[in-house]
Every structure is written in structure tokens, then in C-alpha cells.
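Below are the chains, spelled out letter by letter.
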Amino acid sequence: MRASPSPSRRALIGGAAAAALARPALGGTSPRVVIVGAGFGGATAARCLAAGGVDVTLIEAAEQYIACTGSNAVVVGLRGIEAQTFGYEALGRAGLRLVRGMANAVDPAARRVTLGDGTTLPYDRLILSPGIDLRFDAVPGYDAKAAEAMPHAWKAGAQTVLLARQLEAMPEGGTVVLSAPANPYRCPPGPYERASLIAHFLKTRKPKAKLVLLDAKDTFSKQKLFEAAWAKLYPDVLEYVPLASGGAVTEVDPTAMVVRTDFAEYKADVACIIPPQWAGCIAAQAGCADRSGWCPIDPVTFESHLVPGIHVIGDAAIGGAMPKSAFSANSQAKVCAQAVIDLLAGREPESPKLINTCWSLVAPGDGISIAGVFRPTDGLLADVPGAGGISPLDAPNAVRAQEAAYGESWYQTITRDVFG
């Protein structure tokens, strides 16, 4: 385990345009803000701060960003990995400084970040958007090497392609075992969308095959919608085993391709093990992660409760009722950027409202969604009662098709806005 408002200004809604954050350059020498991680959260925050006249340095080690959002479609051959892959060239033209390298250490007292090559970058405010790291210590038998036989595909890229190839090569009549972790983790509906699309793949491509979904919990996001779809579309393909029925994975044997629970042993032809997660390691190194492995934050500013001057956004943050998603990271980045601008200018940030919408596919062209609005309440982000919504259970096929199209349109829009 790692160590642990002013009425004249409006609150930001997370889906508002980044231009709403623009402010004249803060007088004198521009304050220095360093951001670690150029995903949906970090890249958005960097764009917004640069538009607000702040001196922004964005640190990113990867050559390209490969989005997890939408990658379940890659797993079953509905799109190529290139549709998930984005360059950083446009960020370099957005009035910010893009530094390629790995942030290895943060010194909160000296307010500087050290890169892998020894370079140090001073900051007035630091924003961490490191995403997740996988807890390979959490499932006996499962580690980075085991993931080459039993891919998690929960960090998009080579693992996504590997799982797709394994499914394609699986013999007719084979068994796929997919595990979902206990809360919290990145993208709460993600394992169930993956199960739905794999079930569709098997039904249409390998009709004698079977999928077993092992779950370390009994309830999950959009549960009634997913279960209704499974009963209608995949009654003879998908077997769901919740925690109460022994769904928690207790051990894996990647050599024998065996997945064990307290009650049963499953021999898999393809096994996708999604392990528990925690905040990306730089957050723990900076002292921002608590004993849970995640980062407690002020829901108004996203400043760490543990380390002053450092803000944490996206998957790494403890978001209360707000789920870990690309939409959430984008919303939080805009609010955090405005708060940083205000703090650097000596203004008190206004309490925000943030939004999140999540679309999932239960089959190609068959979508469901859930939306929420969140506001700071008792130190956490809480649902605004009556402000969200979920797809109706009895929606006709045309509405489901429209939901799927909305989800794809959102993906195209957000990736264009963030990565150019």
C-alpha cells in the first residue's frame, strides 16, 4: 500500500465552453502553473488557463493520447485503435508550453516538479491529472506479466488490441471470463458495456461461445438498463455472477487460464481481468493520496485537502457522487482552471455546478445513458436532486439508436475540443 463568491461572477457549468474561462492576463509576471498529465482533464485545464493569461507548462510522457472512452468498441472490432489515438500537436499551438517527459517527484515545500531527466519546473500552483494506476497487488496471481495472458484493457492501447485479437482467435464454443472490480474505479458502467459488446460479438460471430461476467459488487451504474438488455439480447450468451453469488475474483492462474472465486473455478479461453485501481503514482508521491489510494479535494477548487497549492482533477480525485469519466475530467478541469485563475488573482472562487453524462452501448447502434449535475455539499460533490436523468427502460429502438448516435457525437466533439 502506498503512503498514504462573488455574486457578480457566475458559477461554471462543466459543459460550458472553455472560452468562458478567459480572463485578461494577470498583471505583472504571469503566475506559473504546472500541470501533470495531458488526458481529458489535464489538457483541458491547460487550454483554459492559457486562455486566461496564465503561464502554463503541461507535462506528458506519452507520444500520443489513447482514449479509454470508446475503446470497448475496439475490443469487439467495431472501430480501430486509430479512432482512439490523438496527437498533442494542437496543444503545443494553444499558447501553453508542452514538456515531454515523466514527472517523477513533487516537492510541495519548494513548489517544484522534477522530471525523469533531472529537469526541475517551479510552480505557483500545480494541477495533477494523472489518471489511474492498476493495483496489481489486489488479485493474487495477477500482475503486469499476467496481463499479457489475461488483459485488463483498462488503459487503452496495446492491451485493447491484445484483447481484441484474443477474442477474434478464440475457438468456437469457447468461454470468455470478464471480471469487474469493487468501487471506486475508472468508468463505472465500462465493464458492463464491455460485457454487452462482447456478448454481441459472441452471438454474431461465435454463437456457441459463452461469456461469464464476475462482479465484486451487487449493484452498478445503469444496472436495470443493462440487465434488461442482457435478458432481451443475450439470454443464452451472458451469465452474470454478482458478489452475493460469489462473483468476486480471489485468484487467477494465467498459465492454466483459470479464474477462481470463493465458490467456483472458471476455465477461460479468453480472460479479461479488470483489477482495482487507485490514483496515478505521482499523486501519492506528492502526498495527495490518502489511505484509500485516492485524493481528497476541496470540491470548489479541487485543491488537495492534504497538500496546499496542489489541485487534483479527473480519475485520481475523490469526486463524491461524481463518477470517474472523461466527461467528469473535462468538467472538473474547467472548474479547477477558473478556481486557479481566481486564487492567483486574490479572488475567492465561486461554488460551481458540474455536469456529467455517460453513454453506453448494449449493442451496436443501441445506446443508453445517465446524466447528473453535481455541486459542493458538506465537503464533497453531491447530486443536485432532480437535475439528472437516465434512459427509460421501455424506450423504442429509434430512441436507443439516437442515444448511441449522441454518444458518438459527444466523443467526436470532446476529442476535437481537447486535442484539436
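What you see is a predicted model; the values in this text were computed from it and never measured.

Let's talk about the overall build of the protein
Part 1 of the reasoning: For the protein, the helix and strand inventory stands at nine helices and 23 strands.
Part 2 of the reasoning: Relative to the compact-globule value of 22 Å for 420 residues, the protein shows a C-alpha radius of gyration of 21 Å, a close match.
Part 3 of the reasoning: Reported as C-alpha extents along the three principal axes, the dimensions of the protein are approximately 70 × 45 × 40 Å.
Part 4 of the reasoning: A burial count over the protein gives 53% of its 420 residues as buried.
Part 5 of the reasoning: Working note: accessible area of the protein is about 16800 Å², and carbon and sulfur atoms make up 53% of it.
Part 6 of the reasoning: Charge separation in the protein, taken as the distance between the mean sites of 38 positive and 39 negative side-chain charges, equals 4 Å.

A few points about the packing of helix α1 (residues 40–51) against helix α9 (residues 397–419)
Part 1 of the reasoning: The N-to-C vectors of α1 and α9 enclose an angle of 55°; their axes lie 9 Å apart at closest approach. Comparing the axis directions of α1 and α9 gives the class oblique. Taking contact as the criterion, the partners of Phe40, Ala43, Thr44 and Arg47 in α1 are, on α9, Ile414, Thr415, Asp417, Val418 and Phe419.
Part 2 of the reasoning: Within the contact of α1 with α9, the residues separate by chemical class into five nonpolar, two polar and two charged.

A look at the UniProt feature "domain: FAD/NAD(P)-binding" (unreviewed entry) in the protein
Part 1 of the reasoning: Summarizing the sequence annotation, UniProt attributes the feature "domain: FAD/NAD(P)-binding" (unreviewed entry) to residues 32–142 in the numbering used throughout.
Part 2 of the reasoning: For residues 32–142, the helix share is 19%, the strand share is 34%, and the end-to-end C-alpha distance is 41 Å.

Details of the nonpolar core
Generally speaking, nonpolar side chains in soluble globular proteins are found buried as a group.
Part 1 of the reasoning: If you look at the biggest cluster of nonpolar residues, it comprises 109 residues, and the most contacted ones within it are Leu49, Leu128 and Trp230.
Part 2 of the reasoning: It is helix α8 (residues 326–344) that contributes the most residues to this core, nine residues altogether.
Part 3 of the reasoning: Contacts of Leu128, omitting those with residues within four sequence positions, involve Val36, Ile282, Ala283, Ala286, Cys288, Ile310, His311, Val312 and Ile313.
Part 4 of the reasoning: Counting 17 residues, the second-largest nonpolar core is a separate cluster that includes Val139, Ala147, Val177 and Met257.

Re helix α6 (residues 223–233)
Part 1 of the reasoning: The complete set of buried residues in α6 reads Gln223, Leu225, Phe226, Ala229, Trp230 and Leu233. The arc that holds the buried residues of α6, viewed along the axis, is 170°, so those residues lie on one side. Opposite the packed face of α6, turned more than 90 degrees from it, sit the exposed residues Lys224, Ala231 and Lys232.

What to know about the side chain of Lys217
Part 1 of the reasoning: Topologically, Lys217 is positioned in the loop between β12 (210–215) and α6.
Part 2 of the reasoning: Taking relative accessible area as the criterion, Lys217 reaches 7% and is therefore assigned buried.
Part 3 of the reasoning: Here the side chain of Lys217 touches Asp215 through a polar contact of 3.0 Å, side chain to side chain.
Part 4 of the reasoning: Beyond its immediate sequence surroundings of up to four residues, Lys217 is in contact with Ala180, Pro181, Ala182, Asn183, Tyr185, Tyr192, Tyr240, Pro242 and Leu243.

Overview of the pattern of salt bridges
Part 1 of the reasoning: Tallied over the entire structure, the rule returns 15 salt bridges.
Part 2 of the reasoning: For Arg79, the salt bridge identified is with Glu408, shortest N-O distance 3.2 Å. With Arg79 in the loop between α2 (71–75) and β4 (85–86) and Glu408 in helix α9, this residue pair connects regions lying 329 residues apart in the sequence.
Part 3 of the reasoning: The class for Glu408 is partly exposed, based on a relative accessible area of 32%.
Part 4 of the reasoning: The residue Arg125 makes a salt bridge to Glu303 at a minimum N-O spacing of 3.2 Å. Of this pair, Arg125 sits in strand β9 (residues 125–128) while Glu303 is found in the loop between α7 (281–285) and β19 (310–312), placing the two residues 178 residues apart along the sequence. By the burial criterion, Arg125 is buried, and Glu303 matches it.
Part 5 of the reasoning: Within this structure, Glu251, Arg260 and Glu265 form a network of salt bridges that share partners.

Considerations on the sheet that holds strand β6 (residues 103–107)
Part 1 of the reasoning: In spatial order, the strands read β6-β7-β8; together these three strands make up an open sheet with antiparallel pairing. Each end of this open sheet is capped by a strand with a single partner; those strands are β6 and β8 (120–122). Going from strand to strand, the sheet's axes swing by 20° on average, the running direction of each strand aside.
Part 2 of the reasoning: In this sheet, β8 lies alongside strand β7 (residues 112–115) in antiparallel orientation, the contact comprising three bridges. When the sheet's bridge partners are listed, Arg112 is paired in β8 with Pro122.

A closer look at the UniProt feature "domain: Flavocytochrome c sulphide dehydrogenase flavin-binding" (unreviewed entry) in the protein
Part 1 of the reasoning: Here the UniProt-annotated "domain: Flavocytochrome c sulphide dehydrogenase flavin-binding" (unreviewed entry) positions come out as residues 351–419.
Part 2 of the reasoning: As a span, residues 351–419 carries 33% helix and 41% strand, and end to end its C-alpha atoms are 28 Å apart.

Topic: the confidence of the model for the protein
Part 1 of the reasoning: When pLDDT is averaged along the protein, the result is 93; 93% of the residues meet or exceed 70.
Part 2 of the reasoning: Across residues 3–28, confidence stays below pLDDT 50; counting only partners more than four residues off in sequence or on other chains, it has 66 contacts.

Some words on the sheet that holds strand β14 (residues 249–253)
Part 1 of the reasoning: If you walk across this open sheet you meet the three strands as β14-β15-β16, and the pairing is antiparallel. The open sheet is flanked by β14 and β16 (265–267), the only strands paired with a single partner. In this sheet, neighbouring strand axes are inclined to one another by 20° on average, regardless of whether the strands run parallel or antiparallel.
Part 2 of the reasoning: As paired elements, strand β15 (residues 258–261) and β16 share three bridges and run antiparallel to each other. Bridge pairing in β16 links Arg260 to Glu265.

Points about the pairing of strand β21 (residues 366–377)
Part 1 of the reasoning: Two strands pair when backbone bridges link them, and strand β20 (residues 354–363) and β21 are joined in this way by nine bridges, in the antiparallel orientation. Paired with Cys358 across the two strands is Ile370, which belongs to β21.
Part 2 of the reasoning: Counted along the chain from β20 to the antiparallel partner β21, the turn is two residues long, and its residue Gly365 has a positive phi close to 75°.
Part 3 of the reasoning: One ladder, built from two bridges, connects β21 with strand β23 (residues 389–390); its direction is antiparallel. Residue Ala371 lies in a different strand from β23, and its bridge partner there is Gly389.
Part 4 of the reasoning: In terms of strand pairing, β21 meets strand β22 (residues 380–383) through four bridges, oriented antiparallel. Looking at the pairing, Phe374 lines up with Asp383 of β22.
Part 5 of the reasoning: Two successive antiparallel strands, β21 and β22, enclose a turn made up of two residues, where Asp378 displays a positive phi of approximately 55°.

Cut-offs applied
- Residues numbered from 1 in each chain as written.
- Predicted model: local features only at pLDDT ≥ 70, side-chain atom pairs only at ≥ 80, totals over all residues.
- Heavy atoms only, no water.
- Helix = DSSP H or I, 4+ residues; strand = E, 2+ residues; numbered from the N terminus.
- Rg over C-alpha atoms; globule rule 2.2 N^0.38 Å.
- Buried < 20%, exposed > 50% of the residue type's maximum accessible area, 1.4 Å probe, protein only.
- Areas by Shrake-Rupley, 256 points an atom, 1.4 Å probe, with all protein chains shown as cover.
- Lys, Arg positive; Asp, Glu negative; His and termini not counted.
- Charge placed at Lys NZ, Arg CZ, Asp CG, Glu CD.
- Axes fitted to C-alpha atoms, helices over the stretch in contact; angles between N-to-C directions.
- Parallel < 35°, antiparallel > 145°, perpendicular 65-115°, else oblique.
- Contact = heavy atoms within 4.5 Å.
- Nonpolar A, V, L, I, M, F, W, Y, C, P; charged D, E, K, R; others polar.
- UniProt positions renumbered as here; feature names shortened; annotations may be inferred.
- Core = buried A, V, L, I, M, F, W, Y, C linked by side-chain atoms within 4.5 Å.
- Arc of directions from axis to C-beta.
- Polar contact = N/O pair within 3.5 Å; in protein donor to acceptor, adjacent residues only side chain to side chain.
- Salt bridge = Lys/Arg side-chain N within 4 Å of Asp/Glu carboxyl O.
- Pairing = 2+ DSSP bridges.
- pLDDT = per-residue confidence, 0-100.

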